[in-house]
Amino acid sequence: DDSDFVIATSPPVVAVAPLSAAPSASTPVTITATIAPGTAGTTIASAVINYLLPNGTSGTATMGNTGGDTYTGQIPAAGVNGGFVTFTVSATDSQ
């Protein structure tokens, strides 16, 4: 019986802006995302970038609110030209 099961909140909505150009090996990459609360009355409590560099180094970078629903954070320089950096952006709300 599902009558007592109610979804009261929705997760934050994250939309990552595409990079304007491929960064050089020695340039940190700034990631910009629009992050909005999924449920009315909540706020974004935290936003992070989880990344993996071409040399196998992984890490987390905190994103900061730069106004409205816009958040930015930096991934360290990849260290090699043409290397792939993978990343995800995740957020938690005040619920």
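Bear in mind the structure is a predicted one, so any value in this text is a computation, not a measurement.

J.: For this particular structure, what's the right way to read the sheet that holds strand β3 (residues 44-52)?
T.: Across a sheet, paired strands are connected by hydrogen bonds in the backbone, their directions being either parallel or antiparallel. Taken together, 3 strands build an open sheet; the order of strands is β4-β3-β7 and the sheet is antiparallel. Taken across any chain shown, the strands that pair with only one partner, and hence form the sheet edges, are β4 (58-62) and β7 (86-93). Along the sheet, successive strands turn relative to each other by an average axial angle of 20 degrees, direction set aside. One ladder, built from 5 bridges, connects β3 with β4; its direction is antiparallel. Residue pairing in the sheet places V48 in a bridge with T62 of β4.

J.: Any chance you could explain the side chain of D93 here in plain terms?
T.: As for its position among the elements, D93 is in strand β7. You can call D93 buried: its relative accessible area is 16%.

J.: Please clarify how the sheet that holds strand β6 (residues 70-75) should be interpreted in this entry.
T.: Strand order across the open sheet formed by 4 strands is β1-β2-β6-β5, with antiparallel pairing between neighbours. Either end of the sheet is taken by a strand with one partner, and the two such strands are β1 (13-16) and β5 (64-67). Across the sheet, the axes of successive neighbouring strands diverge by a mean angle of 35 degrees, strand direction being ignored. Both β5 and β6 contribute to a ladder of 3 bridges, which runs antiparallel. In the strand pairing of β6, G64 is matched with T72.

J.: Is there a simple way to think about the nonpolar core in this case?
T.: Nonpolar side chains in soluble globular proteins generally cluster together in the buried interior. Within the largest apolar cluster, 15 residues are counted, with the highest numbers of intra-cluster contacts made by I31, I35, I49, M63, I75 and V89. Elements that contribute at least two residues to this core include exactly β2 (29-36), β3, β6 and β7. Among residues more than four places away in sequence, those in contact with I75 are P28, V29, I31, I49, Y51, L53, V85 and F87.

Quick notes on the rules
- Residues numbered from 1 in each chain as written.
- Predicted model: local features only at pLDDT ≥ 70, side-chain atom pairs only at ≥ 80, totals over all residues.
- Heavy atoms only, no water.
- Pairing = 2+ DSSP bridges.
- Helix = DSSP H or I, 4+ residues; strand = E, 2+ residues; numbered from the N terminus.
- Axes fitted to C-alpha atoms, helices over the stretch in contact; angles between N-to-C directions.
- Buried < 20%, exposed > 50% of the residue type's maximum accessible area, 1.4 Å probe, protein only.
- Core = buried A, V, L, I, M, F, W, Y, C linked by side-chain atoms within 4.5 Å.
- Contact = heavy atoms within 4.5 Å.

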